[in-house]
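# Survey of secondary and tertiary structure
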Amino acid sequence: MKIELTATSRKAQGTGASRRLRKTGRVPGIVYGDGEPTLVDVDHNNLFHSLRKEAFHASILTLDLDGKKEQVLLRDFQMHPFRQQVQHIDFQRVSKDKKIHMKVPLHFINADIAPGVKVNGGIISHVMNDLNITCLPADLPEFVEVDLASLAMGHSIHVSDLKLSKGVAVAGHGHAGDAVVATVQIPRGAMEAEAEAAATAAASATAAAAAAAPAAAAKTAAKPAAKSAAETKK
């Protein structure tokens, strides 16, 4: 998906200049990376609606800066504490021959047919919702798919189980592949009901044992008495 955003370079900087920009419906920002950092501003409404799209956060963007187009990544943005207003935006330039590190979203599929759900009535727990990857800009995926079709009760899917597209690798240390992505568990209510049933059964067994104890003791005490009576008759 090709996403393009128009920006204008600016010279004024500082808190006062940024405040004046925002009052005119513009958002101050910066473009850094290869070459000198460039101060820019973009239209607030276009940017605000773009930020609501998942792909905008995990795609190579085309930034039209003063009529010159360059490839960038969204690296950071700041929102107003309580208004729906973007305060600042950061972009990073990318080079087609240099690998980038990026966090991409995970898309979970086939949860409804997972054996742990369909057969055992479990629920899927998403331990991770995005994944840190490294790749060349041209290989950057919009998302990574997680297929839950074979996930059984009590089992998990790990990062090493994911199918990554060509040229894409998991970023991080050597143990990154061991991280759990999703698991299927017994619903909490069912676990509580099962534990309660077990506790009730244990309490019943204890009560039955307690009730049987006096009778057993009486029976044991009666045996010597009967034996003594028999010997007396002899």
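My aim in this report is to walk through the structure given alongside it, one point at a time. (Residues numbered from 1 in each chain as written. Predicted model: local features only at pLDDT ≥ 70, side-chain atom pairs only at ≥ 80, totals over all residues. Heavy atoms only, no water.)

### Remarks on the sheet that holds strand E10 (residues 144–147)
Inclusion rule: Two strands make a pair as long as DSSP finds a minimum of two bridges between them. Here a strand is any run of E in DSSP of at least two residues, a helix any run of H or I of at least four, and the numbering for each starts at the N terminus.
One open sheet holds the four strands; their spatial order is E10-E7-E9-E12, and the pairing between them is mixed. Every other strand in the sheet has two partners, leaving E10 and strand E12 (169–170) as the edge strands with one partner each. By the bridge criterion, six bridges tie strand E7 (residues 100–109) to strand E9 (residues 130–135) in an arrangement that is antiparallel. Directly across from methionine 102, in E9, lies its bridge partner isoleucine 133.

### Remarks on the pattern of salt bridges
Just so we agree on the cut-off: One side-chain nitrogen of Lys or Arg within 4 Å of one carboxyl oxygen of Asp or Glu is enough to make a salt bridge. Exposed residues in this analysis have more than 50% of their type's maximum accessible area, buried residues have under 20%, and partly exposed residues fall in between, with area computed by a 1.4 Å probe over protein chains only.
Tallied over the entire structure, the rule returns four salt bridges. Of the charged contacts, one joins lysine 69 and glutamate 4 as a salt bridge, the two residues approaching to 3.5 Å between their closest N and O atoms. Of this pair, lysine 69 sits in strand E5 (residues 68–79) while glutamate 4 sits in strand E1 (residues 3–9); the two residues are 65 residues apart in sequence, bridging distant segments of the chain. On the basis of relative accessibility, which here comes to 48%, the residue lysine 69 falls in the partly exposed class. A relative accessible area of 38% means that glutamate 4 is categorised as partly exposed. In this structure, aspartate 41 and arginine 26 form a salt bridge, with 2.7 Å as the shortest nitrogen-oxygen distance. Residue aspartate 41 is found in strand E3 (residues 38–43), and its partner arginine 26 is found in strand E2 (residues 26–32); the two are separated by 15 residues along the sequence. The exposure class assigned to aspartate 41 is buried, which follows from its relative accessible area of 7%. Taking the relative accessible area as the measure of exposure, arginine 26 reaches 22% and is therefore partly exposed.

### Notes on the sheet that holds strand E11 (residues 156–158)
For clarity, the threshold we go by: A fitted line through C-alpha atoms serves as each axis, taken over the contacting stretch for helices, and the angle formed by two N-to-C directions is quoted from 0 to 180°.
Taken together, the three strands give an open sheet; going across it, the order is E8-E13-E11, and neighbouring strands pair in antiparallel fashion. The sheet is open, and its two borders are formed by strand E8 (123–126) and E11, each paired with just one other strand. The sheet shows a mean angle of 15° between the axes of neighbouring strands, direction not considered. One ladder, built from three bridges, connects E11 with strand E13 (residues 180–185); its direction is antiparallel. Each bridged residue has a counterpart across the sheet, and for isoleucine 157 the counterpart in E13 is alanine 182.

### With respect to helix H2 (residues 44–51)
What counts, and what does not: Taken from the helix axis, the directions to the C-beta atoms give the arc we talk about. Contacts: residue pairs with any heavy atoms within 4.5 Å of one another. Any N or O atom pair separated by 3.5 Å or less is treated as a polar contact, with the protein-specific requirement of one donor-capable and one acceptor-capable atom, and with residues adjacent in sequence counted only for side-chain atom pairs.
Taken together, the buried positions of H2 are occupied by His44, Leu47, Phe48, Ser50 and Leu51. Within H2, the buried residues cover an arc of 165° as seen down the axis, which keeps them to one side. Check the buried side of H2 and you find it contacts E1, E2, E3, helix H3 (54–57), E5 and strand E6 (86–93). The distance from a side-chain oxygen at the start of H2 to the backbone nitrogen of asparagine 45 is 3.3 Å, and the residue carrying that oxygen is aspartate 43.

### Notes on the layout of surface pockets
The gaps left among the atoms become clear once a water-sized probe is rolled over them. Basically, it comes down to this: A cavity, in this analysis, means grid points on a 1 Å lattice covering only the protein atoms where a 1.4 Å probe fits yet has no way out; a pocket is instead an open set bounded by protein on both sides within 12 Å along at least five of seven lines, and a residue lines either one if it has an atom within 4 Å of a point. Grid points are joined across faces, edges and corners, and a volume is the space filled by probe spheres set on the points. Lys, Arg, Asp and Glu make up the charged group, whereas Ala, Val, Leu, Ile, Met, Phe, Trp, Tyr, Cys and Pro make up the nonpolar group; the residues left over, Gly among them, are polar.
Estimates place the volume of the largest pocket at around 150 Å³. Along the walls of the largest pocket sit Ile109, Glu145, Val146, Asp147, Ile157, Asp161, Leu162 and Lys163, which together make up its complete lining. In terms of residue count, the dominant contributor to the lining of the largest pocket is E10 (three residues). Across the lining of the largest pocket, the residue classes tally to four nonpolar, no polar and four charged.

### Remarks on the pairing of E2
In this structure, E2 lies alongside E3, joined through six bridges in antiparallel fashion. Each residue of the ladder has a partner; that of valine 27, found in E3, is valine 42. Judged from the four bridges that link them, E2 and E6 form a sheet pairing that is parallel. Each bridged residue has a counterpart across the sheet, and for valine 31 the counterpart in E6 is phenylalanine 91.

Read these as layout, nothing more, since geometry by itself doesn't imply function.
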